[in-house]
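# Structural characterization, general
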Amino acid sequence: MSERPDVYHSISTTTFDIVEKPLSRWRKVADHAAARKIALLAGLAVVWELYARWLANPLVLPRFSETVAAGAAAVISGELPRAAASTIGLLLKGYLAGLVLAALLTALASATRIGADFLETLTAMFNPLPSIALLPLALIWFGLGEASIIFVLIHAVLWAVALNAHAGFRSVSPTLRMVGQNYGLSRAGYIARILIPGAFPSILTGLKVGWAFAWRTLIAAELVFGVSSGSGGLGWYIYEHKNELLIPSVFAGLLTVILFGLLVDNLVFKTIESRTVRRWGMQT
Amino acid sequence: MLLAVEGVTLRYRTKDHLVTATYRVSFNVLRSDRFVILGPSGCGKSTLLKAVGGYLSPVEGRILLNGAPVREPGPDRVFVFQEFDQLLPWKTVTENIVFALTASGKLARREAEERALHFIRKVKLAEFRHSYPHVLSGGMKQRVAIARALAMEPEILLMDEPFAALDALTRSQMQEELLQLWEETRFTVLFVTHSIPEAIRVGSRILLLSAHPGQVKAEIEAAGADAARIEELLFEPEKEGGAAAHV
């Protein structure tokens, strides 16, 4: 037996310095990722402005203020919004077509083993191939127009989405699958209510990667030849103004491309993410 | 007789072997039984439970529920698994139970919500009813899974080592709660475990399976069962080799 006696303490309930205390306003702003990033962007704009003033060569690097002015003028004249609308319209067409094809391929891959082999082989072949490299071929097959661009867009979206969705479906845990079967779901119900939500983190990654690929590919394709229907997109806007040596407009076009990319990523995808996989605790 | 397992042999295929999990196992479960299948790891007890669940079919013998052969999984035999990921992470506690009730076509949404709440209260999780599973502790998740299974009011509840992944304290508490719930509704449960104390505490009747492949060693009443005697029965062949098996 031990010689030490048992010891009991009563626990204090009142004498702590801080139990819970609201953080200062500055601390809260600093904890906000968006606020920090906006501050960084503002800092970069200031650096750009100062460097351009020091360089004093608007043909190489126009000032930030000139770029914003050129952009604002183009927005007011309607030239930039028209170009952006044309680009986005085309992008959505290609993106959606890519998604539909990816869904078909993934369904095939999930249903049969040979389908899975087919998807894996095709993805291994085509995923490393830059979409823009297919443009010359697309021009021969589909001519100078929307169809060619949509073809390369599909190529940009399809493999990233199909690959991620397929991997997502395979990673749905056996327990969840058994739970789904246990409650007597139909085949379609099982896919819609167990497999798709279970694979959603991967599917969302695929959607994001596919979107980024499509956006880059589209701007590059437009830079090469615009769109035959007369109203060119953002890539064409950039290319045209370079030819006219309107460098601030070139920069304004580039900024628009960047801004749009940021907007979609931060508004659309981040919102989907925070409402789904983050809330569900499925994203590590 | 609710469930009849008659001479069931189960085999499954691994990458390069055909494994016999159980060999000619027979037992009967009566209504309101707390029937425990007890055996060492690798005795095929989980495989047996999956066969009752309808996830695989016997190569020999048959499994009858209310006299009708079991062919596929169905909501009359609800599973509670060992794994915590058996709750759908994209649904809250309430929605998980409502999902089970509506997906199986048992109830319409409104009634399902009422019944879900009733069973959430029973497992004492009312304040967490709008929480997503990832914020719950392991014990709470298992309680939700049990509530979901009970809300289905299945013919038989199939529990596959539901408390094995919990810490000892929580585990003991959950065994107690399960018994309380049973006192209230007298459901029938088929409970798989490798823990002798758990079998004696939770079960009303215990089936002992030998290891690899599982064969019935004995079927005994749990009341008054002696842990040392059960251990002896389970590990008879190994005793000669002197290897003391721990459970």
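All values derive from a computational prediction rather than experimental measurement.

What chain A contains, in helices and strands, is 12 helices and zero strands. Its C-alpha atoms give chain A a radius of gyration of 27 Å, more than 25% over the compact-globule value 19 Å for 284 residues. Referenced to the eigenvectors of the C-alpha coordinate spread, the extents of chain A come out at roughly 95 × 60 × 30 Å. The proportion of buried residues among the 284 residues of chain A is 33%. A sequence separation of at least 24 residues applies to 68% of the contacts in chain A between residues at least 6 apart.

Each partner contributes to the interface: chain B provides 18 residues, whereas chain A provides 17 residues. Counting only elements with at least two residues in the side of chain B that touches chain A, the list comes to β6 (77-80) and α2 (93-103) of chain B. For the side of chain B that touches chain A, a count of residues per class yields 12 nonpolar, four polar and two charged.

Residue and element names in this part refer to chain A. Running from amino to carboxyl end, helix α3 (residues 64-77) crosses helix α12 (residues 247-275) at an angle of 80 degrees, the nearest separation of the two axes being 8 Å. With respect to α12, the axis of α3 lies roughly perpendicular. Between α3, through Glu 66, Thr 67, Ala 70, Gly 71 and Ala 74, and α12, the contact on the second element is made entirely by Pro 248, Ser 249, Phe 251, Ala 252, Leu 255 and Thr 256. Per-class residue counts for the contact of α3 with α12 are six nonpolar, four polar and one charged.

A few words on the domain arrangement of chain B. Residues and elements named next belong to chain B. In terms of domain boundaries, chain B breaks down into domain 1 (1-76 + 157-247) and domain 2 (86-153). Once you take the C-alpha centre of each, domain 1 and domain 2 turn out to be 26 Å apart. Across the boundary between the two partners, domain 1 contributes 10 residues, which contact nine residues of domain 2. Ranked by residues supplied to the side of domain 1 that touches domain 2, first place goes to helix α5 (residues 168-185) with three residues. The class makeup of the residues in the side of domain 1 that touches domain 2 is nine nonpolar, one polar and no charged.

Residues and elements named next belong to chain B. The sheet contact formed by strand β1 (residues 3-13) and strand β4 (residues 60-65) spans five bridges and is antiparallel. What sits directly across from Val 5, in β4, is Ile 63. As paired elements, β4 and strand β5 (residues 68-69) share two bridges and run antiparallel to each other. Bridge pairing in β5 links Leu 65 to Ala 68. Linkage of β4 to β5, two consecutive antiparallel strands, is achieved through a turn of two residues, within which Asn 66 is found at a positive phi near 50 degrees.

Our focus in this paragraph is the sheet that holds β6 of chain B. Residues and elements named next belong to chain B. What the six strands build is an open sheet, ordered β6-β7-β8-β3-β9-β10; its pairing is mixed. The outermost strands of the open sheet, each flanked by one partner alone, are β6 and β10 (216-221). Recorded for the sheet is a direction-independent mean angle of 20 degrees between the axes of neighbouring strands. Across four bridges, β6 lies against strand β7 (residues 156-160) in parallel orientation. Looking at β7, one finds that Val 80 is bridged to Met 159.

Let's shift gears to the sheet that holds β5 of chain B. Where strands meet in a sheet, backbone hydrogen bonds hold them as pairs that are either parallel or antiparallel. Residue and element names in this part refer to chain B. Read from one edge to the other, the open sheet built from four strands follows the order β2-β1-β4-β5, with strand pairing classed as antiparallel. Looking along the sheet, the strands with just one partner apiece sit at the ends: β2 (18-29) and β5. Against the sheet, helix α1 (residues 45-53) engages β1, β2 and β4, with an angle of about 115 degrees to β1.

Moving on, we come to unusual backbone geometry. Residue and element names in this part refer to chain A. Phi at Ala 56 takes a positive value of approximately 55 degrees, unusual for a residue other than glycine. Note on placement: Ala 56 falls in the loop between α2 (33-55) and α3. Even without a glycine there, the phi angle at Leu 245 is positive, about 55 degrees. Within the element layout of this structure, Leu 245 appears in the loop between α11 (234-243) and α12.

Calculation criteria
- Residues numbered from 1 in each chain as written.
- Chains lettered and ligands numbered in written order.
- Predicted model: local features only at pLDDT ≥ 70, side-chain atom pairs only at ≥ 80, totals over all residues.
- Helix = DSSP H or I, 4+ residues; strand = E, 2+ residues; numbered from the N terminus.
- Rg over C-alpha atoms; globule rule 2.2 N^0.38 Å.
- Buried ≥ 20, exposed ≤ 12 C-beta atoms within 10 Å, placed from the backbone.
- Contact = placed C-beta atoms within 7 Å.
- Nonpolar A, V, L, I, M, F, W, Y, C, P; charged D, E, K, R; others polar.
- Axes fitted to C-alpha atoms, helices over the stretch in contact; angles between N-to-C directions.
- Parallel < 35°, antiparallel > 145°, perpendicular 65-115°, else oblique.
- Domains from an automatic or database assignment.
- Pairing = 2+ DSSP bridges.

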